[in-house]
Amino acid sequence: MNYVKLGNSNITVSNFCLGCMSFGDPASKMHAWTLNPTETETIIKHALDLGINFFDTANTYSNGTSEEYVGRALKNNIAREKVILATKVYFNEGHLSKQAIAKEINDSLKRLGTDYVDLYIIHRFDYNTPIEETMEALDELVKAGKVRALGASAMYGYQFFNLQLAAEKGGWTPFVSMQNHYNLLYREDERELIPICKQYNVALTPYSPLAAGRLSRLNWQTDTLRSKTDKVAIAKYDGTQKNDSNIALRVHELAEKYGASMTQIALAWQFAKGVTSPIIGATKTKYLDDAIGALNIKLTEEDINYLEELYLPHRIMGAI
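What counts, and where the lines are drawn
Residues numbered from 1 in each chain as written. Predicted model: local features only at pLDDT ≥ 70, side-chain atom pairs only at ≥ 80, totals over all residues. Heavy atoms only, no water. Core = buried A, V, L, I, M, F, W, Y, C linked by side-chain atoms within 4.5 Å. Buried < 20%, exposed > 50% of the residue type's maximum accessible area, 1.4 Å probe, protein only. Helix = DSSP H or I, 4+ residues; strand = E, 2+ residues; numbered from the N terminus. Contact = heavy atoms within 4.5 Å. Axes fitted to C-alpha atoms, helices over the stretch in contact; angles between N-to-C directions. Parallel < 35°, antiparallel > 145°, perpendicular 65-115°, else oblique. Nonpolar A, V, L, I, M, F, W, Y, C, P; charged D, E, K, R; others polar. Phe/Tyr/Trp six-rings, centres within 6.5 Å; stacked < 30°, edge-to-face > 60°. Pairing = 2+ DSSP bridges. Right-handed = clockwise from strand over helix to strand, strands pointing away. Salt bridge = Lys/Arg side-chain N within 4 Å of Asp/Glu carboxyl O. Left-handed = near helix turned anticlockwise from the far one by under 90°. Patch = residues over 30% accessible without salt bridge, like charges linked within 9 Å, V, L, I, M, F, W, Y side chains within 5 Å. Areas by Shrake-Rupley, 256 points an atom, 1.4 Å probe, with all protein chains shown as cover. Polar contact = N/O pair within 3.5 Å; in protein donor to acceptor, adjacent residues only side chain to side chain.

*Asks:* Before we move on, could you go through the nonpolar core and cite the residues and values that matter?
*Replies:* One finds Phe55, Tyr120 and Phe160 to be the most contacted residues of the largest nonpolar core, which totals 82 residues. Sorting elements by how many residues they give to this core places helix 10 (residues 262-272) first, with 6 residues. Discounting chain neighbours no more than four positions away, the residues touching Tyr120 are Thr87, Lys88, Val89, Ile101, Glu104, Ile105, Leu138, Leu141, Val147, Ala149, Leu150 and Gly151.

*Asks:* Please set out the packing of helix 2 (residues 65-77) against helix 3 (residues 98-112) residue by residue, giving values where relevant.
*Replies:* Relative orientation of the contacting elements helix 2 and helix 3 amounts to 45 degrees, with a least axis distance of 7 Å. Our classification of the angle between helix 2 and helix 3 gives oblique. Listed contacts from helix 3 to Glu67, Glu68 and Gly71 of helix 2 are Ser108, Arg111 and Leu112. Broken down by class, the residue content of the contact of helix 2 with helix 3 amounts to 1 nonpolar, 2 polar and 3 charged.

*Asks:* Could you give me a rundown of the packing of aromatic side chains, with the residues and numbers involved?
*Replies:* This model, assessed by the stated rule, comprises 7 aromatic pairs. Relative to Phe271, the ring of Phe16 lies with its centre 5.4 Å away and its plane at 85 degrees, an arrangement referred to as edge-to-face. Here the residue Phe16 occupies a position in the loop between strand 2 (12-14) and strand 3 (17-19), and Phe271 occupies one in helix 10, the gap between them amounting to 255 residues. Using a relative accessible area of 22% as the deciding quantity, one classes Phe271 as partly exposed.

*Asks:* An account of the pairing of strand 5 (residues 84-89) is requested, with residue identities and associated values reported.
*Replies:* With 6 of 6 residues buried, strand 5 lies mostly within the body of the structure. Across the two faces of strand 5 the burial is the same, with Ile84, Ala86 and Lys88 and Leu85, Thr87 and Val89 all buried. Of the pairings in the sheet, the one linking strand 4 (residues 54-56) to strand 5 comprises 3 bridges and is parallel in character. Opposite Phe54, over in strand 5, you have Ile84 as the bridge partner. With respect to chirality, the unit in which strand 4 leads through helix 2 into the neighbouring parallel strand 5 is right-handed. Bridging between strand 5 and strand 6 (residues 117-122) involves 4 bridges; their strand directions are parallel. Across the sheet, the residue bridging to Val89 is Ile122, located in strand 6.

*Asks:* I'd love a proper account of the pattern of salt bridges, names of residues and values included.
*Replies:* Under the criterion given, the structure shown has 16 salt bridges. Between Arg111 and Glu67 there is a salt bridge; the shortest N-O distance is 2.6 Å. Here the residue Arg111 occupies a position in helix 3, and Glu67 occupies one in helix 2, the gap between them amounting to 44 residues. Using a relative accessible area of 23% as the deciding quantity, one classes Arg111 as partly exposed. Across the salt bridge formed by Glu188 and Arg191, the nearest N and O atoms sit 2.9 Å from each other. Residues participating in the shared-partner salt-bridge network are Arg187, Glu190, Lys273 and Glu308.

*Asks:* Go over the packing of helix 3 against helix 4 (residues 131-144), please, and point to the residues and values.
*Replies:* Relative orientation of the contacting elements helix 3 and helix 4 amounts to 30 degrees, with a least axis distance of 9 Å. By the angle between their axes, helix 3 is roughly parallel relative to helix 4. In this structure, helix 3 meets helix 4 at a crossing whose hand is right-handed. Within the contact between the two elements, helix 3 uses Lys98, Ile101 and Ile105 and helix 4 uses Glu133, Thr134, Ala137, Leu138, Glu140 and Leu141.

*Asks:* Which residues make up a nonpolar patch on the surface, and what values do they have?
*Replies:* Where nonpolar side chains cluster on the molecular surface, the patch consists of Phe91, Tyr127, Tyr156, Tyr158, Ile316 and Ile320 and spans about 580 Å² of accessible area. Tracing the sequence through the fold places Ile316 in the segment after helix 12 (301-308). Here Ile316 falls in the partly exposed class, since its relative accessible area comes to 35%.

*Asks:* Give a detailed account of the pairing of strand 6, specifying residues and quantitative values.
*Replies:* Judged by how many residues are buried, strand 6 sits mostly within the fold: 6 of 6 residues are covered. As for the winding sense of the linkage, the β-α-β connection from strand 6 through helix 4 to strand 7 (residues 147-153) is right-handed.

*Asks:* Provide a residue-level description of the side chain of Asp118, including the pertinent values.
*Replies:* Examined against the element boundaries, Asp118 turns out to sit in strand 6. We classify Asp118 as buried; its relative accessible area is 0%. Here Arg80 takes part through its side chain, which lies 3.0 Å from a polar atom of the side chain of Asp118. At a separation of 2.8 Å, a polar atom in the side chain of Asp118 contacts the main-chain amide nitrogen of Leu85. Not counting residues within four places of it along the chain, the set of residues in contact with Asp118 comprises Ile11, Arg80, Val83, Ile84, Leu85, Arg148 and Ala149.

*Asks:* A description of unusual backbone geometry should follow, citing residues and the corresponding values.
*Replies:* Unlike most non-glycine residues, His95 shows phi in positive territory, near 50 degrees. Among the structural elements, His95 can be located in the loop between strand 5 and helix 3.

So this is what it looks like as structure tokens:
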């Protein structure tokens, strides 16, 4: 495993972040495929054994039970200061208002069983709360010791720029990471958001780096519970299947060339594009083993051009 600083922060993270949306009580009705506490701990323990120290969850994943399961599993297996724990705020009453942020961080800390999170991420842009109110409220969490650093997630480039600008003007804590929707089948953020992140030395920690599995296999659909029930992934990717399945085929061709898996090629492309730590979700330990192999692959410029050549503009999926 390799480790790198998270943007301009003093936080060191592994080159992979374990996404924890797959953990939680399916009775919450968010997702039908989520893992129970025992299964969650098995995945998290294996991630730790592989050297992954970066874990990402959210206040609303499986109605808060993801945070509960993750906090419990980490507490059982490693000292708190040895892991980088991230959670999020937005999909809650009040979104990013000062009152909502103050409430949600306390609820998250309680569920996680910790007195601080390393990275607190705003899950989306809030159109109804003044950005100055949001940035000042987040800054207060940093000053109170409840949060070490701030991150943002899927939004438009101008929105992220204005948030960073507000932090500069107000003397508040800026964002050090961006968790955006980014993979070989969805590259819209290359237009504005990613250049802005590079301007501010903001670390890229994209979600869905494998396009919900569509970059990890030749078959676009599978008979897994997730493939059958994940309406969000269907909305993201199936409308452009005709063109994008050809991109996945090129991933397969390069996998054959390198004696690697499609997963490894898709993730190696992320690293070639300057990504700090792609967020990988896993319901089986073997998926983590596979992903880690991407660190051994160095794509050539010709490879990258070949993978990117067929891309066509997509409608925005992620930013509200």
